[in-house]
Amino acid sequence: MAIIVNIDVMLARRKMSSLELAEKIGITPSNLSILKTGKAKAIRISTMDALCRALDCQPGDILEFR
């Protein structure tokens, strides 16, 4: 069982680049990469809020439990 991060899926659906998303939500591209690969140990609620606003989605669209 694991938490799967679907940021890449949402980026593809929105036809948005990682760099564009990083700029929109105010984090560095390297920190976004850490989130996308699932290597982050935690995510701030404010970052999740910014991701959801920028990608026009719900938190469940980004995070998945398997």
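Look up: the structure comes first, before these words.
Residues numbered from 1 in each chain as written. Predicted model: local features only at pLDDT ≥ 70, side-chain atom pairs only at ≥ 80, totals over all residues. Heavy atoms only, no water.

Engineer: Hey, could you run me through the overall build of the protein in this one?
Structural biologist: When helices and strands are counted, the protein shows five helices and two strands. For the protein, the α and β elements follow one another from N to C terminus as β-α-α-α-α-α-β. Its C-alpha atoms give the protein a radius of gyration of 11 Å, near enough to 11 Å, the size a compact globule of 66 residues would have. Structurally, the protein occupies a C-alpha span of about 30 × 20 × 20 Å along its principal axes. Out of the 66 residues belonging to the protein, those deemed buried represent 29%. Within the protein, contacts between residues at least 6 apart in sequence are counted, and of these 63% link residues at least 24 apart. Just so you have it, the protein exposes about 4600 Å², and 54% of that area is on carbon and sulfur atoms. (Helix = DSSP H or I, 4+ residues; strand = E, 2+ residues; numbered from the N terminus. Rg over C-alpha atoms; globule rule 2.2 N^0.38 Å. Buried < 20%, exposed > 50% of the residue type's maximum accessible area, 1.4 Å probe, protein only. Contact = heavy atoms within 4.5 Å. Areas by Shrake-Rupley, 256 points an atom, 1.4 Å probe, with all protein chains shown as cover.)

Engineer: Whenever I open this one, the layout of surface pockets confuses me. Can you help?
Structural biologist: A water-sized probe rolled over the atoms picks out the places where empty space is left. Of the voids in this model, the largest pocket is the one considered here, and its volume is about 180 Å³. Around the largest pocket, the lining comprises 13 residues; the ones closest to its centre are Val5, Leu35, Ala40, Ile43 and Leu63. Listed by contribution, the elements that provide at least two residues to the lining of the largest pocket are strand 1 (3-5) and helix 4 (45-55). The residue inventory of the lining of the largest pocket, partitioned by class, reads 11 nonpolar, one polar and one charged. (1 Å grid on protein atoms, 1.4 Å probe; cavity = no way out; pocket = protein on both sides within 12 Å on 5 of 7 lines; lining within 4 Å. Points joined across faces, edges and corners; volume = space filled by probe spheres on them. Nonpolar A, V, L, I, M, F, W, Y, C, P; charged D, E, K, R; others polar.)

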